[in-house]
Amino acid sequence: MRELRGLYIIWYRDLLRFWRNTGRLLSSFIMPLLFLVIFGSGIASSMTGLMGGGGNFNYIEFMFPGIIGMVVLMAAIMSGVSIVWDREFGFLKEVMVAPMSRTTVAIGRTLGGATIATIQGVLMLVFIPFVHISVSIGQVLLILPLMFIMAFALTAMGILIASRIKSMETFQVIMQLLLFPMIFISPAMFPTEFLPSWLNGAVKINPVSYAIDSLRQALTTPPPGMPGFGMSLFGHPMSIAEDIAIVALFALIMVSLAVWSFGRQE
Amino acid sequence: MGKIIEVEHLVKKFGDLVAVDDVSFEVEEGEIFGFLGPNGAGKTTTINILCTLMKPTSGRATLNGFNVVRQQNQIRHSIGVVFQDPSLDIVLTGVQNLYIHAYAYGVPASVRKQRIEEVLRLVGLWDVRNKTVRDYSGGMRRRLEIARGFLHFPKVLFLDEPSLGLDPQTRYAIWDYLLNVRKREGITLFLTTHYMDEATVAHRIAIIDYGKIVALDTPEALKRMVGGDIITLKTGNIDVAIAEIHDRFGIDAQWDREGVFFEVPNGEEFMPLLVSNFKTEVHSISLRRPTLDDVFLKLTGHEIRDEAGGDTAMRRQWAMRTARSRGGGMSH
């Protein structure tokens, strides 16, 4: 009961901070909007041509789930910042003398960060009318758990890193080093079929690839006869369930490490 | 009244450095107990051990009957802490900070709202409760931390350097609130400070230096240890004045920038005797009762305010700061 209460209040605080910070809310729109405008209008035409042209391939439709995935990824990892922030501003001490275990604190923060990242992902759906795709309520309900599991995994990763790092500067650097490869060495922005095999290998190691693939499968229908639209592993095309199983496994590993690291460190 | 804190042979080492060196003491329920010593003396380390933030290397400590190592959650329910450094969520409002704390400590929902209002009024922050803490002044933040510290009806409120970095006026205001809280709630205050005037608020003071308690008593008794009152003469001729004092009263006076000074048991009665027939020219005479500064000087051989005066003191302080921020204490 005590730990449950702790879990709730840690989660609640994260959300409260999120709602009070309208800047964070607004800025979460800017980056994806830029991507949609720049990539959407600029690169879409050439990309469509590259993919064999015709009316089959709609690049914006392809990219949109990738953008959602990118937003969730960034929001999730950034919640690690709040741990570093709490340390700098001393609030971590208040948490550390509170009557709850370190495990509760770590899991509560992961849940809080994952919730916020999911909310930010959901907010991206306001762009749906602009990308001219049709999405049913059923599809929206399907991507909610997909986004949440992805967000949970990546928040746990952010917290794991943050628990080892003392300064904001170091955290920012490490995040940049992680963030961009995780986005761009994945099928977020382009089909990975045409990548050289060594890079394609990296795509398959990157857990974000499977998360984005699951979102893409849930939101769009691949045009018939288009190779490289979806992820495959050892020649086997991945289903949504298989994709998300991999992400969930990654989440489990990350949250275990985060709990361990947080408990040891503080 | 019983003992609320019992500490026996407490030791805390950071590598080679002995931060707390075989410390034993007891705190009575309801009293104001003070730890007085320079930075790096081991005050915060002791508090951290009592607050379950660090494990002792050896020794035993209980609080409210609970063991600080084995019964962490019971201890945490029994204490409130006002840390040396700020520990508020400055993004949230005052009342939100308190709500989160009340919830985390399991203050029942039925009394939560009422209790939050009560503590906010007690520290004079009710009117600004919905302002973001970022917009609070230093003194307001400290008061909010104090309110948060006793919100969940703890037995002991720890105050680690409660008026560090505050101007004197704010310091007095904070203490007004604190003494008010103590009166209303009957709570034990455990305070660390290196301000002498702050320490005199305490019923009993432990003077701590280089990790050891060098004296523990009431402020009055401690002052009595120094001896009597201190008389200072300003004179143009120091040597002659010292010689005359020696010849007439058999007292060995000393001198510093302030002038010639010496100790007598009862300064008020001694002054007329001194001035009645003094040959050396004197510009002024002053009488000073002993302060805790004098006690500290007498017991440790150095002044409290040259905190990092010596090289060892400096190194000590650094080692302990880094050890604390690394949080190294918890892992072993």
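### Quick look at the interface of chain B and chain A
Part 1: On the chain A side, the residues contacting the 25 residues of chain B number 22 residues.
Part 2: For the side of chain B that touches chain A, the secondary structure elements donating two or more residues are α2 (72–78) and α3 (94–104) of chain B.
Part 3: With four residues, α3(B) is the single largest residue contributor to the side of chain B that touches chain A.
Part 4: The class makeup of the residues in the side of chain B that touches chain A is 14 nonpolar, eight polar and three charged.

### Brief notes about the pairing of strand β13 (residues 259–264) of chain B
Moving residue by residue along a regular strand, the side chains alternate between the two faces of the sheet.
Residue and element names in this part refer to chain B.
Part 1: In this sheet, β13 lies alongside strand β11 (residues 229–235) in antiparallel orientation, the contact comprising five bridges. Across the sheet, residue Ile231 finds its bridge partner in β13, namely Phe262.
Part 2: Remark: two residues form the turn of the hairpin made by strand β12 (residues 254–256) and β13, two consecutive strands paired antiparallel.

### Here's the deal with the domain arrangement of chain B
Part 1: Partitioning chain B into domains gives domain 1 (3–222 + 308–330) and domain 2 (228–289).
Part 2: Placing a centre on the C-alpha atoms of domain 1 of chain B and another on those of domain 2 of chain B gives a separation of 42 Å.

### Points about the sheet that holds strand β5 (residues 66–67) of chain B
Residues and elements named next belong to chain B.
Part 1: The four strands are arranged β2-β1-β4-β5 in an open sheet whose pairing can be described as antiparallel. Bordering the open sheet on either side are β2 (17–28) and β5, each of which pairs with just one other strand.
Part 2: Of the pairings in the sheet, the one linking strand β4 (residues 58–63) to β5 comprises two bridges and is antiparallel in character. The residue of β5 that forms the bridge with Leu63 is Phe66.
Part 3: Contacting β1 (3–14), β2 and β4, helix α1 (residues 43–50) runs over the sheet at an angle of about 120 degrees to β1.

### As for the packing of helix α3 (residues 59–89) of chain A against helix α5 (residues 102–123) of chain A
Residue and element names in this part refer to chain A.
Part 1: Orientation of α3 relative to α5, taken along the N-to-C sense of each, is 145 degrees, at an axis distance of 8 Å. Seen from above, α3 lies across α5 with right-handed handedness. The segment α3 lies against α5, with Ile68, Val71, Val72, Ala75, Ala76, Ser79 and Ile83 engaging Arg109, Gly113, Ala114, Ile116, Ala117, Thr118, Gln120 and Gly121.
Part 2: Partitioning the contact of α3 with α5 into residue classes produces nine nonpolar, five polar and one charged.

### So, the sheet that holds strand β14 (residues 282–288) of chain B
Residue and element names in this part refer to chain B.
Part 1: Sheet architecture is open: four strands sit in the order β12-β13-β11-β14, paired in antiparallel fashion. In this open sheet, the two strands that pair with only one neighbour each are β12 and β14. Strand-to-strand, the axes of this sheet are offset by a mean angle of 25 degrees, without reference to chain direction.
Part 2: Bridge count between β11 and β14: six bridges; the pairing is antiparallel. Paired with Ile230 across the two strands is Arg288, which belongs to β14.
Part 3: Across the sheet, helix α9 (residues 238–249) touches β11, β12 and β13, and the angle it forms with β13 is around 15 degrees.
Part 4: Helix α10 (residues 267–276) contacts β11, β13 and β14 of the sheet and is inclined by roughly 165 degrees relative to β14.

### A short note on the nonpolar core
Part 1: Of all hydrophobic cores here, the largest spans 144 residues; its most connected members are A:Val72, A:Met150, A:Ala153, A:Ala156, B:Leu63 and B:Phe158.
Part 2: Examining the composition of this core, we find that 17 residues originate from one element, α3(A), more than from any other.
Part 3: Discounting residues that sit within four places of it in the chain, B:Phe158 has contacts with B:Ile47, B:Cys51, B:Ile79, B:Gly80, B:Val81, B:Val82 and B:Phe190.
Part 4: Counting eight residues, the second-largest nonpolar core is a separate cluster that includes B:Ile231, B:Leu233, B:Ile245 and B:Val260.

The rules behind the values
- Residues numbered from 1 in each chain as written.
- Chains lettered and ligands numbered in written order.
- Predicted model: local features only at pLDDT ≥ 70, side-chain atom pairs only at ≥ 80, totals over all residues.
- Contact = placed C-beta atoms within 7 Å.
- Helix = DSSP H or I, 4+ residues; strand = E, 2+ residues; numbered from the N terminus.
- Nonpolar A, V, L, I, M, F, W, Y, C, P; charged D, E, K, R; others polar.
- Pairing = 2+ DSSP bridges.
- Domains from an automatic or database assignment.
- Axes fitted to C-alpha atoms, helices over the stretch in contact; angles between N-to-C directions.
- Left-handed = near helix turned anticlockwise from the far one by under 90°.
- Core = buried A, V, L, I, M, F, W, Y, C linked by C-beta atoms within 7 Å.
- Buried ≥ 20, exposed ≤ 12 C-beta atoms within 10 Å, placed from the backbone.

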